[in-house]
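Letter by letter, the chains look like this.
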Amino acid sequence: MTYAITQTCCADATCVAVCPVNCIHPTPQERAFGSTEMLYVDPRACIDCGACADACPVDAVFPVDRLTGPQKAYADINAAYFAEAPAPELPEESPNFHVWDGPVFDRVLPADFRPLRIAVVGTGPAGMYTAQDLLLHTNAEVTLVDRLPVAGGLVRFGVAPDHPTTKQIGDTFARFHAHPRVRMLLGLEVGAHVSAQELAAHHDAVVYAVGASADRRLGLPGEDLAGSLSATTFVAWYNAHPDVAPDAVDLSAERVVVVGNGNVALDVARILVTDPEQLAGTDIADHALRALRDSRVREVVVLGRRGPENAACTRPELLALTHLPGVDLIVDDHDPRTGRAIEAAGPHDIAAVLREVRREELDWSGAPGAGRRIVLRFHSAPTEIVGTDAAAVRAVRVTDARGEALIPATSVLRAIGYRGTPVPGLPFDETTGTVPHDEGRVAGMPGAYVVGWIKRGSSGGIGTNRACAAETVSSLLADAVADVLEPPAHSARSFQRLARRRAPRLVDARGMAAIDRAERLRGGPDGRPRRKLATVTELVTASRRGPAL
């Protein structure tokens, strides 16, 4: 028996580090690492020890003989990754039983090196991988800063509620909230409560892990009509982000058009048509669950500018869509190139996932039929969002094999990517939506560093941030050893006093633990992992007064 890695793989390579026979690839030292959709177990080398399953932070690794339903496909997906690669061979004189990369010691500091005081701005995956690296491999003291009064970032506000195992990585990060060398200051905004200069004056270095919170725009006529919304807003809405009001989303439309076909687009489509009772046991926002129960949405049309062979989503997410209970998946066969690409797809191609999916040339003149369905329409770029005299969406004009088509819809969600926003006090590249840097070092600002989406753009999943953080921390430590960093001019206690004076609703590690307890207690009676508090006031109150039932 062997193990297989499944859909929820976060690709942070924790499993690689514990595998005793080096059977999980690509490893962080291999060229393909970071460019594959997930990691894979080589069935030819796996010895069935289960170390990878024990270490996986998102419960994505299972014995092959225990895979059921849609998960069974991952036995073949894992094996297929190695099918065309020859089995590695060891030189006869090698003392090893398995092929290994050379040892790497990239966190070696002088034994008498003074403790560094590092601020990490942002408590999402990028920030927490950075903090984890510093805490496990150095004697640094870490100040965790976040503008919101609750930690989590992308894990809390970006992962779909029906992916609970992916959210489990948050428990791994939470271990470091109360670490003896960590100070947590939530509800403190750089640029509003403190400046980048003040933050730098109290720390040896500052790492900005602020993500990419804005959305990319289409630049089309009608984009600002009522009923046109960004997927960024929709995702934040169903995840109880304090910046998005409970009434920000209207689900009165029978048909919703989603522009884009990346993983976020599939998340949006899936949540819109999933039976709300299947979401009732998740941590979805209370207001979102109520709205979905009253929703009139029966059909979601997902638009892709290119063909199925170039779909922007990953194979695991697309495969999951083919097994969505009670929801039909249809490929719009309006363009002959779509069918040809699906039939010609090889076993490793994403288009092959759609080979058993029904293809049909659809008539858009009428209302959606009975039942719930998702329609994948490729070779179809929007050219205009058509509105009424009341300035509301009524249709989307799209490219078609015969020219153009009009898809009636009163709701449009654009899901074409996230974009970073300027960080006060730091340089910013408007073209890329990132902070200019060299291996994490902010251009022209010694002691300032970036990690995550604000560093590389909105690409890569949660686990990608681990390698990204490792690069930035390596640069920071190299600068420290080279005596490039200015020692802090003020003490850690001085910064805490400054933060509390400027941000009266500050939440510390004890307050964060109280929020966590309150949300779990609120969810318990309903069999939910937690019921999220959705406003700043609720979060701050829970942090100070304990459970708010």
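Above this text is the structure in question.
Residues numbered from 1 in each chain as written. Predicted model: local features only at pLDDT ≥ 70, side-chain atom pairs only at ≥ 80, totals over all residues. Heavy atoms only, no water.

## Topic: the packing of aromatic side chains
So, point 1. This structure, assessed with the given rule, holds six aromatic pairs.
So, point 2. Ring centres of Tyr-81 and Phe-82 lie 5.1 Å apart, and the angle between their planes is 85°; this geometry places the pair in the edge-to-face category.
So, point 3. Using a relative accessible area of 30% as the deciding quantity, one classes Tyr-81 as partly exposed.
So, point 4. What makes Phe-82 buried here is its relative accessible area of 7%.
So, point 5. Grouping aromatic residues by their ring pairs yields a cluster made of Tyr-40, Tyr-81 and Phe-82. (Phe/Tyr/Trp six-rings, centres within 6.5 Å; stacked < 30°, edge-to-face > 60°. Buried < 20%, exposed > 50% of the residue type's maximum accessible area, 1.4 Å probe, protein only.)

## Re the sheet that holds strand S18 (residues 403-408)
So, point 1. One open sheet accounts for three strands, arranged S16-S17-S18; its pairing is antiparallel. In the strand order of this sheet, the two ends are held by strand S16 (382-387) and S18, each with one partner. Strand-to-strand, the axes of this sheet are offset by a mean angle of 25°, without reference to chain direction.
So, point 2. Pairing geometry for S16 and strand S17 (residues 393-400), over five bridges, is antiparallel. Bridge pairing in S17 links Ile-385 to Val-396. (Pairing = 2+ DSSP bridges. Helix = DSSP H or I, 4+ residues; strand = E, 2+ residues; numbered from the N terminus. Axes fitted to C-alpha atoms, helices over the stretch in contact; angles between N-to-C directions.)

## Comments concerning the sheet that holds strand S10 (residues 228-230)
In a beta sheet, neighbouring strands are held together by backbone hydrogen bonds and run either parallel or antiparallel to one another.
So, point 1. Taken together, seven strands build an open sheet; the order of strands is S10-S19-S11-S12-S15-S13-S14 and the sheet is parallel. Edge positions in the open sheet fall to S10 and strand S14 (358-360), since each of these has one partner strand only. Strand after strand, the sheet turns through a mean of 25° between neighbouring axes, direction not considered.
So, point 2. Summarising the sheet, strand S13 (residues 327-332) and S14 pair through three bridges and their orientation is parallel. Across the sheet, residue Asp-332 finds its bridge partner in S14, namely Glu-360.

## Re the pattern of salt bridges
So, point 1. Here the structure, examined in full by the defined rule, presents 41 salt bridges.
So, point 2. Note that Arg-520 is salt-bridged to Asp-171, the shortest N-O span being 3.6 Å. Of this pair, Arg-520 sits in helix H18 (residues 509-523) while Asp-171 sits in helix H7 (residues 169-174); the two residues are 349 residues apart in sequence, bridging distant segments of the chain.
So, point 3. Residues Glu-384 and Arg-397 are paired through a salt bridge, measuring 3.1 Å at the closest nitrogen-oxygen approach. Remark: Arg-397 occurs in strand S17 and Glu-384 occurs in strand S16; sequence separation between them is 13 residues.
So, point 4. Residue class for Arg-397 comes out partly exposed when judged on its relative accessible area of 25%.
So, point 5. The structure contains a network of salt bridges with shared partners spanning Arg-156, Asp-171, Asp-516, Glu-519, Arg-520 and Arg-530. (Salt bridge = Lys/Arg side-chain N within 4 Å of Asp/Glu carboxyl O.)

## Concerning the pairing of strand S5 (residues 117-121)
So, point 1. Summarising burial for S5: five of the five residues are buried, a large majority.
So, point 2. Residues Arg-117, Ala-119 and Val-121 of S5 are buried on one face, and the alternating residues Ile-118 and Val-120, pointing to the opposite face, are buried as well.
So, point 3. Alignment of S5 against strand S6 (residues 141-146), held across five bridges, turns out to be parallel. Paired with Ala-119 across the two strands is Thr-143, which belongs to S6.
So, point 4. By the bridge criterion, four bridges tie S5 to strand S8 (residues 205-208) in an arrangement that is parallel. When the sheet's bridge partners are listed, Val-121 is paired in S8 with Tyr-208.

## Regarding empty space enclosed by the protein
So, point 1. Under the criterion given, the structure shown has two cavities of 30 Å³ or more.
So, point 2. The computed volume of the largest cavity comes to approximately 80 Å³.
So, point 3. Its residues placed into classes, the lining of the largest cavity shows 12 nonpolar, one polar and one charged.
So, point 4. Considered as a void within the structure, the second largest cavity measures approximately 60 Å³ in volume.
So, point 5. Along the walls of the second largest cavity sit Cys-19, Pro-20, Val-21, Cys-23, Ile-24, Cys-46, Ile-47, Asp-48, Cys-49, Gly-50, Ala-51 and Cys-52, which together make up its complete lining.
So, point 6. The class makeup of the residues in the lining of the second largest cavity is 10 nonpolar, one polar and one charged. (1 Å grid on protein atoms, 1.4 Å probe; cavity = no way out; pocket = protein on both sides within 12 Å on 5 of 7 lines; lining within 4 Å. Points joined across faces, edges and corners; volume = space filled by probe spheres on them. Nonpolar A, V, L, I, M, F, W, Y, C, P; charged D, E, K, R; others polar.)

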